[in-house]
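# Observations on the three-dimensional arrangement
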Amino acid sequence: KKLQTRWSGSTSSRRPVRMVVSRDITEKASVSFPTYCISRSLAFVNGLPRDLRVCQLWMMLGLTASHHCQEEPTKRLEMTERNLGSSLDPVPWDTTATSAVRKLSFSEQQHRFETKRERILKKAYLECKRITASYAKTFFLGTSLLSEEKRLPVWAIYVWCRRTDDIVDGPRAAGNDDEVREVLADWEKRIDEIFAGRAFDALDLALVDVVQKFPLLRSQPFFDMVEGMKMDLQKSRYETWQELYLYCYRVAATVGLMTLPIMGTATPGKAALEEAKEPAIALGIALQITNILRDVGEDAGRGRIYIPKEDMEKFNYTEEELFNGVINENYIDLMKFEIARARDYFQQAEAGIAMLAPDARLPVRASMDIYGGILTQLEANRYDNFTKRAYVTKAKKISMLPLSWMRTVEDGPGAALYNLLGRP
């Protein structure tokens, strides 16, 4: 209670996730049983909402430095399965245990540890929900339609992706490319640790739990996304569509590959999962093209142009015109071309919806329809993505859900009504 009171005045409970990311980059604290390894600083804890800070302290067992201390903690506790049964210290993984607790049997102490871990995990999942709701409103609305057993893991994956993206685009990244590369290298090592069952912090613990619950989840899409982040450090222009496609795959299509084992397929098993990957990749490509078209003006302000140079040359539109926000007939034709490309990938992704488990179809369908609405709004804005932001209002999103539902129903009154209204 002292720690909670002492820290509550120094950190807002609504601190942006970017601050959480920047503070915990170098953290190393693993939570597992019977292996429990902890090292480094408490800086990450100070960036968490208040109700999660004390939970994080429980995880960093053996660390005594307060958030005021700038020294690196020297105490490191490493526990291996071999010495778990040591008679000298029956619960070495739990240095917070009182003498009364240590008098419990080994199985009782293990149960106490697991109970504490579950409390931390519950708080971590709630924080993943808050972060997703704050920074990915469309994604959050769509995935909220999933069952709790699926939506919580999907939000944990989103948070990992968000933190990865913020390594490159966060406030501490500007002008520090070499440092960011080092951080990304550490981040890749962290992926291996997560898939080995060792978490560095409370948010990573949620992802460790996801990996353990969904054994078909693979680490390669996570590594591929990090490679996509590296591309943002290496280039700010793309010569061809093939170059941009690779970028879109790494930063967006990988999300589909991460979440597909959680969504599940109509026919369980690896074969059905492999078949559903191509539509999942197509959906990721479509979503990223949509993001690029929505954010042309914002990216130009950061000196970036994601629209392929070959496309701009095809429509006689120059970089200088783009940086000056010129909207002429050439630019409108260019936007029409790129929008058509995005819609083509959305169309390719359509085939994948029927491959998904029935309870995952509406969330994916709704996300597709809402994101497709961004393209429609861009057209309504007369292709002005320099001074206007194309988005779908919350009321409009909700109003789209019944039609999205009808599009996922193969038989019955929903399908009949959809066919009566006519397919778009």
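Attention here is on the structure that accompanies the text. Here the structure is a predicted model, which is why all the values come from computation and not from measurement. (Residues numbered from 1 in each chain as written. Predicted model: local features only at pLDDT ≥ 70, side-chain atom pairs only at ≥ 80, totals over all residues. Heavy atoms only, no water.)

### Quick word on the pattern of salt bridges
Where side chains of opposite charge bring their charged atoms close, a pairing between them can arise. Condition: Any Lys or Arg side-chain nitrogen found within 4 Å of a carboxyl oxygen on Asp or Glu counts as a salt bridge. A 1.4 Å probe rolled over the protein chains alone gives each residue an accessible area, and that area as a share of the maximum for its type sets the label: buried under 20%, exposed over 50%, partly exposed in between. Helix numbers and strand numbers start at the N terminus; a helix is a DSSP run of H or I with at least 4 residues, a strand a run of E with at least 2.
Taken as a whole and assessed by the stated rule, the structure comprises 29 salt bridges. Lys235 serves as the salt-bridge partner of Glu243, at 3.1 Å between the closest nitrogen and oxygen. Its relative accessible area of 28% is what places Glu243 among the partly exposed residues. As a salt-bridge pair, Glu379 and Arg343 come within 2.9 Å of each other at their nearest N and O atoms. Here Glu379, found in helix H18 (residues 358–380), pairs with Arg343, found in helix H17 (residues 329–353); they are 36 residues apart in sequence, far enough to count as distant. The class for Glu379 is partly exposed, based on a relative accessible area of 28%. Of the residues examined, Arg343 reaches a relative accessible area of 35% and is grouped as partly exposed. Through salt bridges that share partners, Arg163, Arg190, Asp201 and Asp204 make up one connected network.

### Digging into the packing of aromatic side chains
Put simply, the rule is: Note on aromatic pairs: the rings of Phe, Tyr and Trp (six-membered ring only in Trp) are paired at centre separations within 6.5 Å, and the planes decide the class, stacked below 30 degrees, edge-to-face beyond 60, tilted for the rest.
Evaluation of the coordinates by the stated rule reveals 14 aromatic pairs. When the centroid spacing of 5.8 Å and the interplanar angle of 20 degrees are considered together, the rings of Tyr238 and Tyr306 count as stacked. Taken together, the positions of Tyr238 in the loop between helix H11 (220–234) and helix H12 (241–263) and Tyr306 in the loop between helix H14 (296–301) and helix H15 (309–314) put the pair 68 residues apart, joining distant regions of the chain. Taking 6.4 Å as the distance between ring centres and 40 degrees as the angle between the ring planes, the aromatic pair formed by Tyr245 and Tyr345 counts as tilted. Pair noted here: Tyr245 is in helix H12 and Tyr345 is in helix H17, with a separation of 100 residues, a long-range link. Relative accessible area serves as the criterion here: at 29%, Tyr245 is assigned to the partly exposed category. An aromatic cluster is present here, built from Trp160, Trp187, Phe195 and Phe222 joined pairwise through their rings.

### Thoughts on the nonpolar core
Rules: Among buried residues, the Ala, Val, Leu, Ile, Met, Phe, Trp, Tyr and Cys ones that are joined through side-chain atoms within 4.5 Å form a nonpolar core. Any pair of residues with heavy atoms lying within 4.5 Å of one another is described as a contacting pair.
Formed by 100 residues in total, the largest nonpolar core has its most connected members in Trp160, Val210 and Ile285. The leading source of residues in this core is H12, at 13 residues. Beyond its immediate stretch of four places on either side in the chain, Trp160 contacts Trp187, Ile191, Ile194, Leu207, Phe222, Met225, Val226 and Met258.

### Topic: helix H10 (residues 202–213)
Given 3.6 residues per helical turn, the α-helix brings residues three or four places apart onto the same face. How we decide: Expected helix span is taken as 1.5 Å per residue step, with the number of steps being one fewer than the number of residues.
The end-to-end C-alpha distance of H10, which contains 12 residues, comes to 17 Å, matching closely the 16 Å that a straight helix rising 1.5 Å per residue would cover. Most of H10 is tucked away, with 10 of its 12 residues classed as buried. Regarding H10, the residues found buried are Ala202, Leu203, Asp204, Leu205, Ala206, Leu207, Val208, Asp209, Val210 and Val211.

### Looking at the side chain of Asp201
Inclusion rule: Counting of polar contacts relies on pairs of N or O atoms within 3.5 Å, with two restrictions inside protein: one atom must be capable of donating a hydrogen and the other of accepting it, and residues adjacent in sequence are counted only when both atoms are side-chain atoms.
Tracing the chain through its elements places Asp201 in the loop between helix H9 (177–195) and H10. Only 2.9 Å separates the side chain of Asp201 from the side chain of Arg163, close enough to count as a polar contact.

### Concerning the packing of helix H8 (residues 148–169) against H10
The condition that has to hold: Axis lines are fitted through C-alpha atoms, for helices just across the contact stretch, and the angle between N-to-C directions can take any value from 0 to 180 degrees. For this classification, under 35 degrees means roughly parallel, over 145 means roughly antiparallel, 65 to 115 means roughly perpendicular, and everything else is oblique. Less than a right angle of anticlockwise turn of the near helix away from the far helix marks a crossing as left-handed, whereas a clockwise turn marks it as right-handed. When residues are grouped by polarity, Ala, Val, Leu, Ile, Met, Phe, Trp, Tyr, Cys and Pro land in nonpolar, Asp, Glu, Lys and Arg in charged, and all others, Gly among them, in polar.
It is the contact of H8 with H10, at a shortest axis distance of 9 Å, that shows an interaxial angle of 130 degrees. Between H8 and H10, the crossing angle belongs to the class labelled oblique. Considering how the two elements wind past one another, H8 and H10 form a crossing that is left-handed. Facing H8, whose interface residues are Pro153, Ala156, Ile157, Val159, Trp160 and Arg163, H10 presents Leu203, Asp204, Ala206, Leu207 and Val210. Partitioned by chemical class, the residues of the contact of H8 with H10 number nine nonpolar, no polar and two charged.

### Here's the deal with the environment of Ile262
Mapped onto the elements, Ile262 comes out in helix H12. Sequence spacing of Ile262 and Leu152 is 110 residues, and the spatial spacing of their C-alpha atoms is 10.0 Å. When residues no more than four places from it in sequence are discounted, the contact partners of Ile262 are Lys150, Pro153, Val154, Ile157, Val210 and Phe214.

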